[in-house]
Structure formats: C-alpha cells, structure tokens
Amino acid sequence: MTATASSPEGVTPSGEDQAEFDFSSYLAKTRELVEQSLDAALGPERPESLRESMRYSLLAGGKRLRPILCLAACELVGGDASLAMPTAVALEMIHTMSLIHDDLPAMDNDDLRRGRPTNHKVYGDAMAILAGDALLSRAFEMVAVRSEGVPPERLLKVVAELSLVSGAPGLVGGQVVDLESEGREVDLETLEYIHLHKTAALLRACVVTGALIGGADASQVDAMRTYANGIGLAFQIVDDILDVTASSDVLGKTAGKDLIADKTTYPKLLGLEPSRARALELVAQAKAVLEPWKDKAQPLLALADYVASRDR
Ligand code: GRG
C-alpha cells in the first residue's frame, strides 16, 4: 500500500471496544498516516526551488486537524478512509497555502509559523506567493486526478465544495473583511462573519468532503455542516484566547499579534471567561448533531472536545 493510499482503518475501534475509544492513539496514528501521505504527495514539482518552498511549509508540522476531520467524517458515514486521503491532503495544502499568504508582509506580516521562520522570510515574497499558488492548484489535482476508486460524481461535488471554500464565499472573502476591519470597531456579527469565512469554512469543507466521499446522503452532509460551523467558531474563539494567554514558543507563531494589529477578538468583545463559555457551548451544540451515529461518532466527538481544550 502506498503512503497516499494508507488507511486509518483499524484506528477507529469497532464493536465493544468503542466505549474505550483511545483518542490520543487515534490522533497519533492518523496524524502519522497524514504525514506520510503529505510527504508522498509533492513529488514531481519543478523547478527544484519551488518544490523546496512548497515542502518547507507543507511538511512543517502543524496539528493536521483538517485532514483528520476529513478522514473521520468519511468513516463516520461508513466510507473507506483511504479513499478520502487525497482529499485530506488537498485540504491541508489549501490550509497551508492560506497560512503562507496570510503571513506575507501585505497581510499579517508574520515572521514565525509552525515554530520556524515563515515561508517568505526564507524564500522571499515572490516565491512564497508562487508556492502558495502551486499548492492550491496541486490540491485540486489531488482530488481530480489522484482519487482512484471514488465515483466521479462524488469527486465533482468535492471539487465544487473546495472551489467555494477557497474563493470569495470562503477564505478569501473572510480575509478581505478581516483586513478591512483592522483598527476599526467591529461588532460581534462582523467578527462571526470573518471567522465563519476565514476559519469555519475550511473545517466545514473537511467534514463535508469526507462525508461525500464516504457516500453520505443530503441530511448527513447537512449535519456535517452544522457540526463544523460549531467547532469552527469554537476553534477561532480558542485561537483568540490563546493569542493572549499562550507563549510564542508553545504556539509556534507570534503570540499577542491581535493586540499589536489592533484586531477585534472574542476576548476583547466578550471578555476571557465568557469567551471560554461560548466556545464550550458551541462545541456542545456541534456534538449534539452527532447523536444519531452513537459510538461511530467517537472520533468526531473527541475532535470537537480537542478543539475547545487545545493549548496550541
Ligand atoms: C484559499 C485562495 C485562498 C486564499 C487564502 C490568506 C487567506 C486567503 C486567508 C486567511 C485564512 C487564515 C490564515 C485563517 C486562519 C485560520 C487559522 C485559525 C489557522 C490556524 O490553524 P491551526 O491552528 O494551524 O490548525 P496548524 O499550524 O496547527 O495547522
């Protein structure tokens, strides 16, 4: 079995073992499979300088939450997670390219990402832009060309989902409103708009595409959208909290950036404790959507808790 086709099969326990679901070993095993598939995904890129810049950011670690969500959603609806691996890799490519572009001087102007200098600090602005562009194109290639065994009508829906999330209705739209809001008073509605687009949209695409590949029906896909909106906003609230409570060393990115950039955040609008309470409430709502799946939902339930309790 090639690395790209590696399956987290056997990672999710079945039958009686479900009650003793071991999340940390699930996370470690699935992450390892994702790392192998990411490493195998970037082969033939030329010129070498571009390949190096793409690999620098794609293989820089990170929690790999997005691909794991995709694989877990595929298994939730009874699919074979190995068939979702190319899409899981594509989602991490889109996430990584968004981080590279977000860190550029023209945007958040950050020097540190995933515990190392940002892409443009090492390779220059032009190469960072191009490496991001190439990762985005490669993501679509992964889905359209490298997803053997997935019915084409499912792949078409996956491509549609990824196109929407990458563009104005998703990350780009959220980023524009975020940039335009810097230094301004922002209300809760605008803040939620930014984060539903910048952050929750990609998490939504992860579980929706995973479920589509696994053969989900329309109501199951809707449940995934609701789940992801909840964990997506919770993820961002926790991100805002960590920006003020954690160190750059632990985060692997510059802490305290939101204050410096004069950004409106959940702690600034609501206060720290109410922000924590809101994140927990959103996670509880997300988990409630998974009730019909009972024990099969254990990975996604645990991932929702992880989003709220993470420390980096
Ligand atoms: C997708 C075409 C296209 C353009 C991107 C720059 C941009 C447009 C959007 C910005 C999106 C962005 C950087 C959102 C922030 C999301 C976020 C909270 C990232 C941190 O995610 P983690 O903590 O990071 O999962 P790791 O490093 O663990 O993967």
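Remember, it's a predicted structure, so these values are computed and weren't measured experimentally.

## With respect to the overall build of the protein
Next, step 1: In terms of regular secondary structure, the protein is built from 15 helices and 2 strands.
Next, step 2: The C-alpha atoms of the protein give 19 Å as radius of gyration, which agrees with the globular expectation for 312 residues (20 Å, within 12%).
Next, step 3: Based on the C-alpha atoms only, the size of the protein along its principal axes is roughly 50 × 50 × 35 Å.
Next, step 4: Among the 312 residues that make up the protein, the fraction classed as buried is 54%.
Next, step 5: Considering only contacts in the protein between residues 6 or more positions apart, those separated by 24 or more positions represent 75%.

## Let's talk about the pattern of salt bridges
Next, step 1: For the coordinates displayed, the defined rule picks out 21 salt bridges.
Next, step 2: With its nearest N and O atoms 3.2 Å apart, the salt bridge here joins Lys253 to Asp239. Of the two residues, Lys253 sits in the loop between α11 (248–251) and α12 (257–260) while Asp239 sits in helix α10 (residues 218–245), which places them 14 residues apart along the sequence.
Next, step 3: Look at Lys253 and you get partly exposed, because its relative accessible area is 24%.
Next, step 4: For Arg276, the salt bridge identified is with Glu273, shortest N-O distance 2.5 Å. Note that Arg276 and Glu273 are positioned in helix α14 (residues 272–288) at a spacing of 3 residues, about one turn of the helix.
Next, step 5: What emerges from the salt-bridge pattern is a single network uniting Glu35, Arg64, Glu92 and Arg114.

## Section: the site of the ligand
Next, step 1: Taken together, 20 residues form the shell around the ligand, and within it Lys63, Arg66, His95, Arg114 and Gln175 come nearest.
Next, step 2: At 2.8 Å from an oxygen atom of the ligand is found a side-chain nitrogen or oxygen belonging to Arg66.
Next, step 3: Here an oxygen atom of the ligand sits 2.8 Å away from a polar atom, N or O, in the side chain of Arg114.
Next, step 4: Alone, the ligand offers 760 Å² of accessible surface; in the complex the protein occludes 91% of this.
Next, step 5: Among the secondary structure elements, those contributing two or more residues to the shell around the ligand are α4 (81–102), α8 (171–181), α9 (188–213) and α10.
Next, step 6: Among the elements that take part in the shell around the ligand, α4 stands out by supplying 5 residues, more than any other.
Next, step 7: The class makeup of the residues in the shell around the ligand is 6 nonpolar, 7 polar and 7 charged.

## Concerning the nonpolar core
Next, step 1: In this structure, Leu69, Met93, Leu162, Met224, Tyr227, Leu300 and Leu303 are the most contacted members of the largest nonpolar core, which totals 91 residues.
Next, step 2: At 13 residues, the largest contribution of residues to this core is made by α10.
Next, step 3: In this structure Leu300 touches Leu69, Ala72, Ala73, Leu76, Val207, Met224, Tyr227 and Leu290, once residues within four positions along its chain are discounted.

## Some points on the packing of helix α1 (residues 23–41) against helix α15 (residues 298–309)
Next, step 1: With their axes 11 Å apart at the nearest point, α1 and α15 run at an angle of 95° to one another. Relative to α15, the element α1 lies roughly perpendicular. Along the contact surface, α1 presents Phe23, Tyr26, Leu27 and Arg31, while α15 presents Pro299, Ala302, Leu303 and Tyr306.
Next, step 2: Along the lines of polarity and charge, the residues of the contact of α1 with α15 split into 7 nonpolar, no polar and 1 charged.

## Details of α14
Next, step 1: When the terminal C-alpha atoms of α14 are compared, their 25 Å separation across 17 residues agrees well with the 24 Å that a helix rising 1.5 Å per residue should span.
Next, step 2: Inspection of α14 places Ser275, Ala279, Leu282, Val283 and Ala286 among the buried residues, and these make up the whole buried set. For α14, the arc enclosing every buried residue in end-on projection is 100°, short of the 170-degree limit, so these residues lie on one face. Turned more than 90 degrees away from the buried face of α14, the exposed residues are Glu273 and Leu280.
Next, step 3: Looking at the packing, one finds that the buried side of α14 touches α10, α13 (266–270) and α15.

What counts, and where the lines are drawn
- Residues numbered from 1 in each chain as written.
- Predicted model: local features only at pLDDT ≥ 70, side-chain atom pairs only at ≥ 80, totals over all residues.
- Heavy atoms only, no water.
- Helix = DSSP H or I, 4+ residues; strand = E, 2+ residues; numbered from the N terminus.
- Rg over C-alpha atoms; globule rule 2.2 N^0.38 Å.
- Buried < 20%, exposed > 50% of the residue type's maximum accessible area, 1.4 Å probe, protein only.
- Contact = heavy atoms within 4.5 Å.
- Salt bridge = Lys/Arg side-chain N within 4 Å of Asp/Glu carboxyl O.
- Near = heavy atom within 4 Å.
- Polar contact = N/O pair within 3.5 Å; in protein donor to acceptor, adjacent residues only side chain to side chain.
- Areas by Shrake-Rupley, 256 points an atom, 1.4 Å probe, with all protein chains shown as cover.
- Nonpolar A, V, L, I, M, F, W, Y, C, P; charged D, E, K, R; others polar.
- Core = buried A, V, L, I, M, F, W, Y, C linked by side-chain atoms within 4.5 Å.
- Axes fitted to C-alpha atoms, helices over the stretch in contact; angles between N-to-C directions.
- Parallel < 35°, antiparallel > 145°, perpendicular 65-115°, else oblique.
- Expected span 1.5 Å × (residues − 1).
- Arc of directions from axis to C-beta.

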